[in-house]
Amino acid sequence: MALGQCPGGTFSLSEDLTLTRMGYGAMQLAGPHVFGPPADRDGALAVLNQVVGLGINHIDTADYYGPHITNEIINEALHPYAEDLHIVTKVGARRDTDGNWPQALSRDELRQAVHSNLANLGLDVLDLVHLRVGGFESATPGSIAEPFTALAELQQEGLIKHLGLSTVNAEQIAEAQQIAPVISVQNFYNIAKREDDPLVDALAEQGIAYVPFFPLGGFTPLQSGTLRDVAGRLQALPMGVALAWLLQRSPNILLIPGTSSLAHLRDNVSAAAPELPADAIKELNAIAQ
């Protein structure tokens, strides 16, 4: 499948960064609870090779997945990377020995995280790094100037090309934009969780990408009778309909559904392709209410 033939086509975040709107989230390539190695490393390698084979050029990862495991598997599977393949990562958290996700937002922690991503991915420069500053599912109000400035310094050193934010609110995005350009925002958003509707539209007006993590519900998969009914009427998979809805929601939305299964990967890509009719969109819009 060619680059522009993925569902939703492509979105240009900057003059030198165009991503397929259908991307791939690599989190599930690590072991259970995103901790430790996968049970089937060869299967994980096969999934990544299929991602590229499907024409996807946007892989989302983080060095704290595993930790380090996911980036090492990406490196093993795909390095040396194709010129049009872009690996997007994030910093601002770490894993403790119990598998928790404490914040890691000090200047030294962010610098270490960037260098760790570079080393484990086998890269000299990172295309796009998101600063994760909020809670697990939503923004934590307050200034983010200090950690974002630290990340901007690493950009100025030539270690990062572009900057993004994760789990933030509109005020924090505006604050960051006074320090350095923001080209992408990753927040928790899907067909059933739509508190960010105004933010999606505001970012679209600015040409900034919005990347919903947990587009299919994450650790608690989407459960909706309406979604199942609409999918049944369209003879489609419910999760595919949820992805198709996101692609039609706004042109700046980029998807990063994750899976460790070749079959699920193919299902996600093929099922998200159909254009949903207006009556289906109307029904699906009511889910969040």
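The sections below set out a description of the structure shown in this document. (Residues numbered from 1 in each chain as written. Predicted model: local features only at pLDDT ≥ 70, side-chain atom pairs only at ≥ 80, totals over all residues. Heavy atoms only, no water.)

Summed over the entire model, instances satisfying the criterion amount to 10 salt bridges. The partner of aspartate 197 in a salt bridge is arginine 249, with the nearest N and O atoms 3.2 Å apart. Of the two residues, aspartate 197 is situated in helix α6 (residues 197-206) and arginine 249 in helix α8 (residues 238-249); the sequence distance between them amounts to 52 residues. As far as the burial class goes, aspartate 197 and arginine 249 line up, both buried. Ionic contacts of the salt-bridge type, sharing partners, join the residues Arg194, Asp197, Asp201 and Arg249 into one network. (Salt bridge = Lys/Arg side-chain N within 4 Å of Asp/Glu carboxyl O. Helix = DSSP H or I, 4+ residues; strand = E, 2+ residues; numbered from the N terminus. Buried < 20%, exposed > 50% of the residue type's maximum accessible area, 1.4 Å probe, protein only.)

A few words on the packing of helix α3 (residues 107-121) against helix α4 (residues 145-156). Two elements in contact, α3 and α4, have axes whose closest approach is 9 Å; the angle formed by their N-to-C orientations is 40°. Looking at the two axes, α3 sits oblique to α4. The interaxial crossing formed by α3 with α4 has right-handed handedness. Where α3 approaches α4, its residues Arg107, Leu110, Arg111 and Val114 are matched on the opposing element by Pro147, Ala150, Leu151, Glu153 and Leu154. (Axes fitted to C-alpha atoms, helices over the stretch in contact; angles between N-to-C directions. Parallel < 35°, antiparallel > 145°, perpendicular 65-115°, else oblique. Left-handed = near helix turned anticlockwise from the far one by under 90°. Contact = heavy atoms within 4.5 Å.)

To continue, consider the sheet that holds strand β8 (residues 184-188). Strand order in the open sheet formed by seven strands is β3-β4-β5-β6-β7-β8-β9, with parallel pairing between adjacent strands. Both outer strands of the open sheet, β3 (24-25) and β9 (209-213), are each paired with one neighbouring strand and no more. Relative to strand β4 (residues 58-60), β3 is paired through two bridges, and the arrangement is parallel. Residue pairing for β4: glycine 25 is matched across the bridge by aspartate 60. Those strands touched by α6 are β8 and β9, and its axis lies near 150° from that of β9. (Pairing = 2+ DSSP bridges.)

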